[in-house]
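# Analysis of the macromolecular model
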Amino acid sequence: MSTTPTLKRPARAKGDRMTWWEAIYLPEIFRGLAITSRHFFSNMTGHILQLFGLGRNLQPAVTIQYPEVVRPLPERTRTLHRLTKREDGSPRCVACMMCESACPAFCIFITAGEHPDPTIEKYPVRFEIDLGLCVFCGYCVEACPEDAIRMDTGIVELSTYRREDLLLTIDQLLKLEPVDRTTPRSMHPIPPREGDGTWSPPGVEVPTHLRAGLTRLSGDPIAVGSDQPPSS
Amino acid sequence: MPNVEIDGRTIEVDEGTSILEAAGQAGAAIPHYCYHAGLSIDGTCRMCLVEVEKSPKLVISCATPVAEGMVVRTESEPVKKAVADVLEYLLINHPLDCPICDKAGECGLQDYYMEHGLYSSRMHEKKWLKGKVIDIGQLVLDQDRCILCTRCVRFGDEVVGDQELGFIDRGSRKTIATFMDQPLKNHYTGNLVDICPVGAFTDKDFRFQARVWYLEQTKSVCPGCSRGCNIEVHHTMRRFRFEHKRVYRLLPRYNPEVNGHWMCDFGRHGYHSVDSPERLFFPLVRDGDKFSQVPWMEAMRAAAEALRGAVEAHGPEAVAVIPSAQSANEDLFVLRELFRDSLGVPHIDYRVPAAEEGYEDEILIKADKNPNTHGCADLGLVPADGGRDLDAILAGCRDGTIKALVVCHHDLGHLFPDGDQAEALSGLEALVFLGSLPTSTQALASVVLPASVYVEREGTFTNFAGRVQRFWQALEPLGEAIAEWDIWVGLAQALGLECTYRSAGDAFDALAQAVEAYAGLSYDTLGADGEPAGVAVAEAAE
Ligand code: SF4
Ligand code: SF4
Ligand code: SF4
Ligand code: SF4
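Note that the coordinates shown come from a computational prediction; the quantities given were computed from them, not determined experimentally.

## Description of the overall build of chain A
For chain A, the helix and strand inventory stands at 6 helices and 5 strands. Counted from the first residue to the last, chain A has its helices and strands arranged as α-α-β-α-β-β-α-β-β-α-α. A buried classification covers 34% of the 232 residues belonging to chain A. A total of about 15,400 Å² of accessible surface is found on chain A, and carbon and sulfur atoms cover 58% of it.

Rendered as structure tokens:
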């Protein structure tokens, strides 16, 4: 038989009156100071002891001097995406749009092109991730049938001065490398966007109609006067 | 009529019905590839095997007619095993291209595998490879994906009467192909993509554009010719922000009275103007040599003032209207009320000849490329007594007897073989143009009223046979375009006239009251298949 768990009301709920002891102010002040001092002295003692090789089992608090010093990330942290490459350096991605379909934030946008090699057939001319919308859920990585997208660059510093710079294009995503776990992590800049944000196999011209959306990247309004899609 | 028991349900069906069709009526879906309601029975795919009591082995349900007292089981263990076995055979050489296959999401092989297959592959042999990405005209053929159902071959034989596709080789190497990879030349190739249960055909128009699960569907009517094929508009706003594209494809919608299962390629690919960046997005008023973009109220006021000015100074005989058979019945009706009934304009003529003669065939395509010529005729948008026809209207523009001209959608350029349209129309005090796309006539207008296109509104077209068919709104209009009937209502109000239609349905119901051929029709009961006009008239005559 299960019993319904009862919630204990806190002794004093919000909005109740202060007790006389609290209302006289000074005792509570000293209580607060005592907590702060306890932490200060215990950390200081710990650090001094460890300086002399003692107190190994103590865990005094540390302050990391970010950004000069960066913490190692747990191995499975989802960090900035990258597109993996075939041996010849072309993207593994076949523009199947599974990641685009799985993305709950609707932040991936892919435009597919006709690859001259019929055994590849479809390739991404454009592959854009809007980090301003991404929630780093990793569903895109899970969804990919080709292991073409990974979130293992170790890059978590994603601040930019302009919102448009948070839209990563395919050339940027292809340039990113997996994090090197053997050397201490350092701050990575996001590689700058080059060219018009499209990719195509050597010798293949990007068809003009697939460049169509690129006005978006330069911030120009699209033809309809408003860049908000009319809701359907 | 025979009674059959299918999975425990007894139903009565017509003599000669196949078990597969009877099962459909009984609500039991039998998996099948080669059977298609619009084609003859072939029996090649062996997917539709069912168990019939007293029959020694499983029978193919598509080619077995029902008999009195037949007891059919579609879900017994032997049937399930047989279906899984057939699927396993079909997948022996199948490339499993699903990630790059446009059929994925609506693929018969995927769907039935998830429902009936679910085995793991036992094949160690290499797959037999056939041709991929073969350009056959409008379509791209992938021989690897074909499951040899022959639907496409029968479509060629029976529907377009052109045997372009066939099989070469035998056994594992049996391959669907055109002769020497020649392109398909018929005008119905898009239907192959629809009827092929797998992704062997992809339409270049839709290839790699989107995944099918992005697309929403809205019922509509093809405005490509006067046949008025029933269609489904597949659209999504999901990629609009980047691609400025909302409609991705049109698919035929079954209507036995109009188009059956099919539609032509011209109609299928005729949707691109809907998202064209050329569209007229905003009301424009002429400002010297160019247009300035103005709010709707101002454009309405400008058009109303011009029309009122012409009528007051020269009488309604100085105004002419050229309506278009591209417009829906509702638009034409409000236009008729406004110009003919309220303003008393006598010169109304919709009969603008096409710039070039339209292609026509015996299957679906009609030479008249307007969806609503019949509607224009039903509404009598031709000159009244003493009114001028099109030629006389244009002559009137030249000699100055017509002061104000209203043109809907048309490009009148080809009516001036000497190329002097601008000169001929320069004497007009006002040229009001209503339309969705720019034309050479629009470029000369003094006021441009942007109309929404058929996927952005609702209404009815009357096809060449007089069938009144409804289309539905799929998307919001781009820019500030609004529905044509609504523009005329606004213009009537700007002219101080009483005009209170609040929806296309209102206008249609008023039309049904006013026009004899449409008596008895109602917008709400028109339904997805449409209804023939003139039925009430014919009944009354009997
Ligand atoms: S991590 Fe999640 S939100 Fe970000 S792109 Fe991938 S699927 Fe979309
Ligand atoms: S799921 Fe993978 S292969 Fe498919 S589009 Fe995304 S990254 Fe490319
Ligand atoms: S035809 Fe169907 S099963 Fe075959 S690759 Fe295409 S989607 Fe996949
Ligand atoms: S191409 Fe498609 S329709 Fe034609 S036989 Fe093969 S599977 Fe059937």
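## Description of unusual backbone geometry
All names here are of chain B. Phi angles above zero are rare outside glycine, and K54 is one such case at about 75°. Among the structural elements, K54 can be located in the loop between β3 (49-52) and β4 (59-60). Even without being glycine, L118 reaches a positive phi, approximately 55°. Mapped onto the elements of the fold, L118 is located in the loop between α3 (108-117) and β6 (134-136).

## A word on empty space enclosed by the protein
Residues and elements named next belong to chain B. Tallying each qualifying case throughout the model produces 7 cavities of 30 Å³ or more. Considering only enclosed or pocket space, the largest cavity measures out at about 170 Å³ in volume. Surrounding the largest cavity, 19 residues form its lining, V193, D194, D203, F206 and R249 being those nearest its centre. At the level of elements, α5 (190-195), β10 (201-203) and β13 (247-252) are the ones that each hand at least two residues to the lining of the largest cavity. It is β13 that provides the largest number of residues to the lining of the largest cavity, a total of 4 residues. Of the residues belonging to the lining of the largest cavity, the class tally is 7 nonpolar, 4 polar and 8 charged.

## What to know about the site of ligand 1
In the vicinity of ligand 1 lie 14 residues, with C103, C134, C137, G138 and C140 of chain A positioned nearest. Of the residues belonging to the shell around ligand 1, the class tally is 12 nonpolar, 2 polar and no charged.

## Focus: the site of ligand 4
Close contacts around ligand 4 come from 13 residues, with C146, C149, T150, C152 and C196 of chain B the closest. The residue makeup of the shell around ligand 4, split by class, is 11 nonpolar, 1 polar and 1 charged.

## Focus on the confidence of the model for chain A
All names here are of chain A. Residues with a pLDDT of 70 or more make up 81% of chain A, whose mean pLDDT is 83. When pLDDT is averaged over each helix and strand of chain A, the minimum, 69, is found for helix α6 (residues 208-211) and the maximum, 97, for helix α4 (residues 139-143). Counting contacts from residues 214-232, a segment whose pLDDT is below 50, to residues more than four positions away or on other chains yields 39 contacts.

## Focus: helix α4 (residues 151-160) of chain B
Burial within α4 of chain B is extensive, with 8 of its 10 residues counted as buried. Where α4 of chain B is buried, its residues meet β8 (165-168), β9 (175-178), α5 and β10 of chain B.

Criteria and cut-off values
- Residues numbered from 1 in each chain as written.
- Chains lettered and ligands numbered in written order.
- Predicted model: local features only at pLDDT ≥ 70, side-chain atom pairs only at ≥ 80, totals over all residues.
- Heavy atoms only, no water.
- Helix = DSSP H or I, 4+ residues; strand = E, 2+ residues; numbered from the N terminus.
- Buried < 20%, exposed > 50% of the residue type's maximum accessible area, 1.4 Å probe, protein only.
- Areas by Shrake-Rupley, 256 points an atom, 1.4 Å probe, with all protein chains shown as cover.
- 1 Å grid on protein atoms, 1.4 Å probe; cavity = no way out; pocket = protein on both sides within 12 Å on 5 of 7 lines; lining within 4 Å.
- Points joined across faces, edges and corners; volume = space filled by probe spheres on them.
- Nonpolar A, V, L, I, M, F, W, Y, C, P; charged D, E, K, R; others polar.
- Near = heavy atom within 4 Å.
- pLDDT = per-residue confidence, 0-100.
- Contact = heavy atoms within 4.5 Å.

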